[in-house]
Amino acid sequence: MYLLFGILIFICIIFSFIFHLRKKRIICKLCEMQLEQKICLLNQIMEPFGFCYSPSQDIITSRTDAWQRKFGYCSLYDETAVHFSMVFDCEPIYFNYNNRTWLFEFWKGQYGISAGAEIGIYCADRVLSPWEYDKTLFHSVSDKELLPVTMAAYYKGSCLFNICQPHWWLTGFCPGRCVKPEDLVLHVSITFKSESMMYCFLNSLVQTGYIKCGICVCDLTVSFVFARPFTAQPCCKRCFAARWAQFKNRFFCKLYMWVTRPFKCTLDKILYLYYFLPFVFRHMLCMKRNRKQKFHKPPRKERKRNGI
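Thresholds, definitions, all that
- Residues numbered from 1 in each chain as written.
- Predicted model: local features only at pLDDT ≥ 70, side-chain atom pairs only at ≥ 80, totals over all residues.
- Heavy atoms only, no water.
- Buried < 20%, exposed > 50% of the residue type's maximum accessible area, 1.4 Å probe, protein only.
- Helix = DSSP H or I, 4+ residues; strand = E, 2+ residues; numbered from the N terminus.
- Pairing = 2+ DSSP bridges.
- Contact = heavy atoms within 4.5 Å.
- Axes fitted to C-alpha atoms, helices over the stretch in contact; angles between N-to-C directions.
- pLDDT = per-residue confidence, 0-100.
- Parallel < 35°, antiparallel > 145°, perpendicular 65-115°, else oblique.
- Phe/Tyr/Trp six-rings, centres within 6.5 Å; stacked < 30°, edge-to-face > 60°.
- Core = buried A, V, L, I, M, F, W, Y, C linked by side-chain atoms within 4.5 Å.

A few words now on the pairing of strand β10 (residues 184–191). Burial of the side chains of β10 is restricted to one face: Leu 184, Leu 186, Val 188 and Ile 190 are buried, whereas none of Val 185, His 187, Ser 189 and Thr 191 on the reverse face is. Relative to strand β12 (residues 221–226), β10 runs antiparallel, the two being bridged by six bridges. Within β12, the position partnered with Ile 190 by the bridge is Val 222.

Spelled out as structure tokens, the structure:
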């Protein structure tokens, strides 16, 4: 019995030693890589997930050619999001323009181990009645219909990121931060292509509950602040599932920060996870719109090429 216990301890020591050497080798290799090389590598890794790294903001954001664009949006995404460790405030704004019903939706909150926000622009094939909104699959807008969107996220007065880009699904995610949705404030600006479309959106925004004095209009740009939602939230948001999801998110956030403590920058942290703990990397990027995306461990040739 004692012999078996001793063998088990010896095996654990050997594996711990190998584990430590591998960790040191990965850290040394990442420290030797040039910044441009790391950015290129990370963007290449995240491209199949529909995301990319923004070095100016040190955040993860969505690509305009993300594969999620093919699947559009329906309210079921929000209703089931809590079961995928996502707890957020959402604000859908519906309006009719050019013989179609448009949907501009805004999200802010916790996405797994990342705090973040989203702005999605979608439209239906025709004009819908209000009772059809929750049952309809909205399509992502085409390249010709992309609108310049600015999004600045603040957490208790501190700016997390400020990004601006013509997009159909503008996002920003800060890995390693855990927040309550009500503590996030989203400053939004959208530039429209015509006055008629802008006023249709404005009317719907006011009908939703936003006061006119809180909305800024400059030429064709509309700016407002999304602090608390005026629309009804998904029925499961305040239930036990949401509290359990946030509990897990806090745990994994602390685990993420502890494991990646040798690095300060999000770029280095994510690359470190990719090679050292691939399953944690997968957990971080598996958000509501890419749950079906398969994750592949770094090929042996790629690890050897990068010296890892």
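There's more to say after this.
Bringing the environment of Cys 90 into the picture now. Along the chain, the position of Cys 90 falls in strand β3 (residues 86–97). Judged by its relative accessible area of 3%, Cys 90 falls in the buried class. Taking the C-alpha atoms as reference points, Cys 90 and Lys 108, 18 residues apart in sequence, are found 6.8 Å from one another. Every residue in contact with Cys 90, bar those within four places of it in the chain, is listed here: Asp 78, Glu 105, Phe 106, Trp 107, Phe 226, Pro 229, Thr 231, Gln 233 and Pro 234.

Our focus in this paragraph is the sheet that holds β10. Spatial ordering of the open sheet is given by β8-β7-β10-β12-β11, a layout of five strands whose pairing is antiparallel. Across the chains shown, the open sheet's two edge strands, defined by having one partner strand only, are β8 (158–167) and β11 (216–218). Between one strand axis and the next, the sheet turns by 15° as a mean value, whatever way the strands run. Along the sheet face, helix α4 (residues 195–208) touches β7 (147–155), β10, β11 and β12 and points at about 20° away from the line of β12.

In this model, the protein carries a mean pLDDT of 87, and residues with pLDDT of at least 70 account for 83%. Low confidence marks residues 288–298, where pLDDT is under 50. Its contacts with residues over four positions away, or in another chain, come to 33 contacts.

Contact geometry of helix α5 (residues 240–259) with helix α6 (residues 266–276) gives a least axis separation of 10 Å together with a crossing angle of 90°. Classified by the interaxial angle, the pair formed by α5 and α6 is roughly perpendicular. Facing α5, whose interface residues are Tyr 256, Met 257 and Val 259, α6 presents Lys 269, Ile 270, Tyr 272, Leu 273 and Phe 276.

Counted by the stated rule, this structure contains 28 aromatic pairs. Between the aromatic rings of Phe 95 and Trp 102, the centroid separation amounts to 6.5 Å while the plane-to-plane angle is 10°, which identifies the pairing as stacked. For the ring pair Phe 104 and Phe 192, a centre distance of 5.9 Å and an interplane angle of 15° mean the geometry is stacked. Residue Phe 104 is located in strand β4 (residues 100–111), and its partner Phe 192 is located in the loop between β10 and α4; the two are separated by 88 residues in the primary sequence. Here Phe 192 falls in the buried class, since its relative accessible area comes to 3%.

So, about the nonpolar core. Counting residues in each nonpolar core, the largest one holds 85 residues, and the members touching the most others are Phe 104, Phe 106, Phe 161, Ile 190, Phe 192, Phe 201 and Phe 224. Tallying contributions element by element places α6 first for this core, with eight residues. Beyond its immediate chain neighbours, meaning those up to four positions away, Phe 104 contacts Glu 91, Pro 92, Ile 93, Phe 95, Gly 120, Ile 121, Leu 147, Ile 190, Phe 192, Met 197 and Phe 201.

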